[in-house]
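Below are the chains, spelled out letter by letter.
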Amino acid sequence: MIRAALEAATRRLARTSSSARLDAELLLADLLAIGRAQLLARDTDTLTAEQHAAFATRIARRANGEPVAYLLGRRDFWTLTLAVGPGVLVPRPETELLVEAALEAMAGRTAPRVLDLGTGSGAIGLAIACARPDAHVDLLDASPAALAIAEANRRTLGLGNARTLPGDWFAGLGSARYDAILSNPPYLADSDPHLASLELAHEPPVALVAGPTGLEALAAIARRALGHLEPGGLVALEHGATQGEAVRSLLAGAGFGAIRTRFDLAGLERATQGTRPD
Ligand SMILES: C[S@@+](CC[C@H](N)C(=O)[O-])C[C@H]1O[C@@H](n2cnc3c(N)ncnc32)[C@H](O)[C@@H]1O
């Protein structure tokens with residue numbers, strides 16, 4: 001029965017997941033190709049032996065820390081549903097702060113040029129390309145696995161105003177200039193205890209770890225972004241909850257003005273932006 005299967009799965013996942021019941025419902029609803037509301041309305045239905053076995057496999061993988069999004073093969077971000085899998089970071093809700101910052105800053109600009117540095121699944125850049133059909137968006141990443149997923153998402157969403165580019169931050173961009181440069185770069189220190197958590201164990205280290213201090217990628221981007229921005233252009237960087245002050249100082253030191261930090265739903269500093277003075 002669906003109800004019993006969900007209860008057993010929730011008990012098993014409770015040891016390793018803070019969203020055990022939700023995880024179980026999402027994984028079973030997807031397996032049965034129905035919505036969660038339908039799943040709950042039909043909770044006295046029985047499962048076939050094959051459905052039981054397939055659900056047990058998913059729950060075992062989830063109990064081992066695999067993100068629900070990898071098991072489903074997709075994740076919602078902004079207005080989009082994106083394909084995700086091992087090889088890219090699962091887009092997080094707080095990263096939508098960068099999309100908000102960019103859409104606000106570009107409201108008065110026509111045909112803005114946007115750079116999403118370290119695009120992963122393409123989340124930030126594709127959200128902007130969809131919201132602003134007149135924008136030209138470059139989705140750049142050093143990881144071939146990530147770029148393949150970003151390109152697949154771009155095609156599925158039919159966003160001809162975005163393109164994927166391989167690259168190591170700004171190296172290779174020549175003298176290209178943008179109206180907005182956005183990045184959620186790796187920002188964990190290589191000794192960060194969170195890296196030992198079961199959840200992060202499945203995501204690619206290149207998406208998470210910046211170096212000994214955690215600020216290496218943020219500093220590299222802050223240092224070079226000004227030279228790739230049009231006057232009045234925006235840089236917006238996601239960072240860890242304790243890195244706001246360091247990022248504000250990196251942007252001020254690089255010559256940016258109008259520096260401000262945005263907060264996530266938990267009230268933590270999460271994204272800092274600045275503009276290139278005119
Ligand atoms: C934290 S993930 C962000 C992914 C996506 N933007 C998101 O917010 O979901 C960081 C991304 O930066 C990429 N990256 C790491 N080092 C890079 C580098 N030197 N140049 C370009 N991209 C890099 C990683 O491959 C990864 O996709």
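Reading guide: rules and limits
Residues numbered from 1 in each chain as written. Predicted model: local features only at pLDDT ≥ 70, side-chain atom pairs only at ≥ 80, totals over all residues. Heavy atoms only, no water. Buried < 20%, exposed > 50% of the residue type's maximum accessible area, 1.4 Å probe, protein only. Helix = DSSP H or I, 4+ residues; strand = E, 2+ residues; numbered from the N terminus. Pairing = 2+ DSSP bridges. Near = heavy atom within 4 Å. Polar contact = N/O pair within 3.5 Å; in protein donor to acceptor, adjacent residues only side chain to side chain. Areas by Shrake-Rupley, 256 points an atom, 1.4 Å probe, with all protein chains shown as cover. Domains from an automatic or database assignment. Axes fitted to C-alpha atoms, helices over the stretch in contact; angles between N-to-C directions. Contact = heavy atoms within 4.5 Å.

Our next topic: the pairing of strand β6 (residues 178–183). Burial within β6 is extensive, with six of its six residues counted as buried. Relative to β6, strand β3 (residues 113–117) runs parallel, the two being bridged by four bridges. In the sheet register, leucine 115 faces β6, and the bridge partner there is isoleucine 181. Note that β6 and strand β9 (residues 229–238) share five bridges and pair parallel. Bridge pairing in β9 places isoleucine 181 opposite valine 235.

Looking now at the site of the ligand. Inspection of the region around the ligand gives 19 residues, with Gly118, Asp141, Asp168, Asn184 and Ala207 positioned closest. Within the contact set of the ligand, a nitrogen atom lies 3.4 Å away from a backbone nitrogen or oxygen of glycine 167. Between the ligand and tryptophan 169 there is a distance of 3.0 Å, counted from a nitrogen atom to a backbone nitrogen or oxygen. Across the complex, the protein chains shield 94% of the 590 Å² of accessible surface that the ligand would expose by itself. Mapped by element, the contributors of at least two residues to the shell around the ligand are β4 (136–141) and α9 (205–208).

Partitioning the protein chain into domains gives domain 1 (2–64) and domain 2 (78–275). On a C-alpha basis, the centroid separation for the pair domain 1 and domain 2 is 34 Å.

The next subject is the sheet that holds strand β10 (residues 257–263). In space, the seven strands of this open sheet follow the order β5-β4-β3-β6-β9-β11-β10, with mixed pairing throughout. For this open sheet the edge positions go to β5 (162–166) and β10, each flanked by a neighbour on one side alone. Averaged over all adjacent pairs, the angle separating strand axes in this sheet is 15°, with direction ignored. Where β3 and β4 come together, five bridges link them in parallel fashion. Residue aspartate 116 lies in a different strand from β4, and its bridge partner there is leucine 139. Running over the sheet, helix α6 (residues 96–105) touches β6, β9, β10 and β11 (269–275) and is turned about 165° from β9. Running at roughly 170° to β4, helix α7 (residues 123–131) makes contact with β3, β4, β5 and β6 of the sheet.

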